[in-house]
Amino acid sequence: MSWIDTAWEWAAVIIGILVVGGGVILGLVRGRGGATKDLPAPPPTVPAEVEEELPPLQPTPTIERPEAPEGRLARLRARLSRSNTALGKGLLALLAGGRLDEETWEAVEDTLITADLGVDASTQVVERLRQRVAAAGKTDEATMRAWLREELVALVDPSLDRDLASSRIEDRPACILVVGVNGAGKTTTAGKLARVLVAEDKDVVLGAADTFRAAAADQLQTWGERVGVPTVRSDRDGADPAAVAFDAVKAARDLEADVVVIDTAGRLHTKVGLMDELGKVKRVVEKQQPIDEVLLVLDATTGQNGLRQAQVFTEVVGVTGIVLTKLDGTAKGGIVVAVQRDLGVPVKLVGLGEGPDDLAPFDAEAFVDAILD
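Here the structure is a predicted model, which is why all the values come from computation and not from measurement.

Draft legend 1. Expanded view of the overall build of the protein. Within the protein, the secondary structure is distributed over 14 helices and 8 strands. Of the contacts made within the protein by residues no fewer than 6 positions apart, 77% connect residues no fewer than 24 positions apart. For the protein, the accessible surface area stands at approximately 19,000 Å², while carbon and sulfur atoms represent 55% of it.

Below you can see the structure in the form of structure tokens.
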């Protein structure tokens, strides 16, 4: 074989290698190109006229700023005075009528009792007024009004401590437990209380420990969202209320909140099992920290019937303050006196309407002035 034949053989081999190599490279290129076909296509450009038809973005929900508590009772005085004319104007009409005989004094006492003041308190007021009239010999309207005001203010007792435990205590949040019977308005009161505290620049956490009523947690969470307050709740109905209360306190501690407000399920004071469960909620929370405030929500329209409720709740969980709701309806203002005298527990808040800011810190003198207007 000549060197020419050898050269041609090498040339044939080289050409073969180039052909095969080119085929492999071409297959790889095609394979990569095929893979791109499976990728999602880029979004089409939306014409300007279509963009204009898209719905506008929803605005971020506005956090409400609650009304300052200081002005609430003053704003609601007119409403309160309209609902208690029997206790105010009725008494003044009797006392300033110019004829204070035995029959008139009995009518004054009956009016006070009818206003839910209680028998003992009503008798005390009448005796004090009779002594003043006998000593001074005056029965004009201005004098009688001033004396009546003094006696009622003394009964309501402005010296009682009505401050709420709502600020951090050492390195922990204050803890408020809200209790009461069915239908008294506990969940609404807890939500409104959050508004009162937010208006005082407190950092609040709500605990939805009413796990028996399906809508209670939703309702409380809605109240909280309106003022930017977080709500700790269970993800299922019928959960252990003590566990939810425990988690709420833990969350408040972790968030370094000022106060945690725990809403509990309504329960009849005559149901021993339910009252024992409420006691369990209190004990479980106290494994983490003390409960600083137990607020009993009472429907003021129940009158004297509410006193027995208050006594039982006080025995079970140690009530520290009363919230009287629905005081603007058919309620009689004297229930404030009756509750305090029987329990030795102050009325701390009053609910005077359906509005979100119609829960007001109780002021003894402002209250008496309202029912005497």
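Draft legend 2. Spatial organisation of the nonpolar core. If you look at the biggest cluster of nonpolar residues, it comprises 96 residues, and the most contacted ones within it are Leu-148, Leu-193, Val-261, Ile-262, Ile-322 and Leu-324. In this structure, Leu-324 is in contact with Leu-298, Ala-300, Ile-335, Val-336, Val-347, Leu-349, Val-350 and Gly-351, ignoring residues within four places of it in sequence.

Draft legend 3. Quick look at the packing of helix H6 (residues 119–136) against helix H7 (residues 141–156). One way to put it is that H6 packs onto H7 with a least axis distance of 10 Å and a crossing angle of 145°. Seen along the crossing, H6 lies across H7 with a hand that is right-handed. Two secondary-structure elements touch here, H6 through Ala-121, Gln-124, Val-125, Arg-128, Leu-129, Arg-132, Val-133 and Ala-136 and H7 through Met-144, Trp-147, Leu-148, Glu-150, Glu-151 and Leu-155. By residue class, the composition of the contact of H6 with H7 is 9 nonpolar, 1 polar and 4 charged.

Draft legend 4. Representation of H6 in the model. Look at H6: 26 Å from first C-alpha to last across 18 residues, which is about the 26 Å you get at 1.5 Å a residue. Inspection of H6 places Ala-121, Ser-122, Val-125, Val-126, Leu-129, Arg-132 and Val-133 among the buried residues, and these make up the whole buried set. Buried positions in H6, seen along its axis, are confined to an arc of 130° and lie on one side of it. Among the exposed residues of H6, those oriented more than 90 degrees off its buried face are Asp-120, Ala-134 and Ala-135.

Draft legend 5. Examining the pairing of strand E5 (residues 293–299) more closely. Most of E5 sits out of view: 7 of its 7 residues are buried. On E5, burial covers both faces: Glu-293, Leu-295, Val-297 and Asp-299 on one face and Val-294, Leu-296 and Leu-298 on the other are all buried. Pairing analysis gives 5 bridges linking strand E1 (residues 174–180) to E5, with the strands arranged parallel. Pairing of Ile-176 across the sheet is with Glu-293, part of E5.

Draft legend 6. Fine view of the packing of aromatic side chains. A full pass over the atoms with the stated rule returns 1 aromatic pair. Geometrically, the ring pair formed by Phe-362 and Phe-367 is tilted, given 5.1 Å between the ring centres and 50° between the ring planes. Of the residues examined, Phe-362 reaches a relative accessible area of 6% and is grouped as buried. For Arg-226, the ring lying beneath its charged end belongs to Trp-223, and the centroid distance is 5.4 Å.

Draft legend 7. Examining H7 more closely. For H7, which comprises 16 residues, the first-to-last C-alpha distance of 22 Å matches the rise-based estimate of 22 Å (1.5 Å per residue) to within 8%. Within H7 the residues assigned to the buried category are Thr-143, Met-144, Trp-147, Leu-148, Glu-151, Leu-152, Val-153, Leu-155 and Val-156. Contacts made by the buried residues of H7 are with helix H4 (89–95), H6, helix H13 (335–343) and helix H14 (364–372). Asp-157 sits one or two positions beyond H7 and adopts a positive phi of about 65°.

Draft legend 8. Expanded view of the pairing of strand E2 (residues 204–209). For E2, the tally of buried residues reaches 6 of 6 residues, placing the bulk of the element in the interior. The alternating pattern of E2 places Val-204, Leu-206 and Ala-208 on one face and Val-205, Gly-207 and Ala-209 on the opposite face, and all of these are buried. Sheet topology note: the E2/strand E4 (residues 259–264) ladder contains 6 bridges and is parallel. Its bridge partner being in E4, Ala-208 is matched across the sheet by Asp-263. In this sheet, strand E3 (residues 231–232) lies alongside E2 in parallel orientation, the contact comprising 2 bridges. By the bridge assignment, Leu-206 is partnered in E3 with Thr-231.

Definitions and limits used
Counting starts from 1 at the beginning of each chain's written sequence and moves along it residue by residue. In view of the model being predicted, local features appear only for residues whose pLDDT reaches at least 70, and side-chain atom pairs are presented and counted only at 80 or more, with totals across whole chains, interfaces and linings using the full set of residues. As a rule here, side-chain values cover all heavy atoms of the structure and leave hydrogens and water aside. Runs of H or I in DSSP of at least four residues are treated as helices and runs of E of at least two as strands, each being numbered from the N terminus. Working rule for contacts: check all heavy atoms of both residues, and any pair within 4.5 Å makes them a contact. Residue burial considers only the protein chains on display, and all accessible areas are found by Shrake-Rupley using a 1.4 Å probe. We define a nonpolar core as any set of buried Ala, Val, Leu, Ile, Met, Phe, Trp, Tyr and Cys residues linked to one another through side-chain atoms lying within 4.5 Å. Any residue under 20% of the maximum accessible area for its type is buried, any over 50% is exposed, and the rest in between are partly exposed; the area is computed with a 1.4 Å probe on protein chains only. For every element, the axis is a line fit to its C-alpha atoms; helices are fit only across the contacting stretch, and the angle between N-to-C directions ranges from 0 to 180 degrees. With the far helix as reference, a near helix turned anticlockwise by less than a right angle produces a left-handed crossing, and one turned clockwise produces a right-handed crossing. Nonpolar residues are Ala, Val, Leu, Ile, Met, Phe, Trp, Tyr, Cys and Pro. Charged residues are Asp, Glu, Lys and Arg, and all others, Gly as well, are polar. In this scheme, a helix's expected span is set at 1.5 Å multiplied by one less than its residue total. Working definition: the arc comes from the directions between the helix axis and the C-beta atoms, pointing outward to the latter. We treat two strands as partners when DSSP finds at least two bridges between them. Between the rings of Phe, Tyr and Trp (Trp by its six-membered ring), a pair exists once the centres lie within 6.5 Å; its type follows the angle of the planes, with under 30 degrees stacked, over 60 edge-to-face, and the other angles tilted. A ring is scored as having a charge over it whenever the NZ atom of a lysine or the CZ atom of an arginine sits within 6 Å of its centre and within 35 degrees of its normal.

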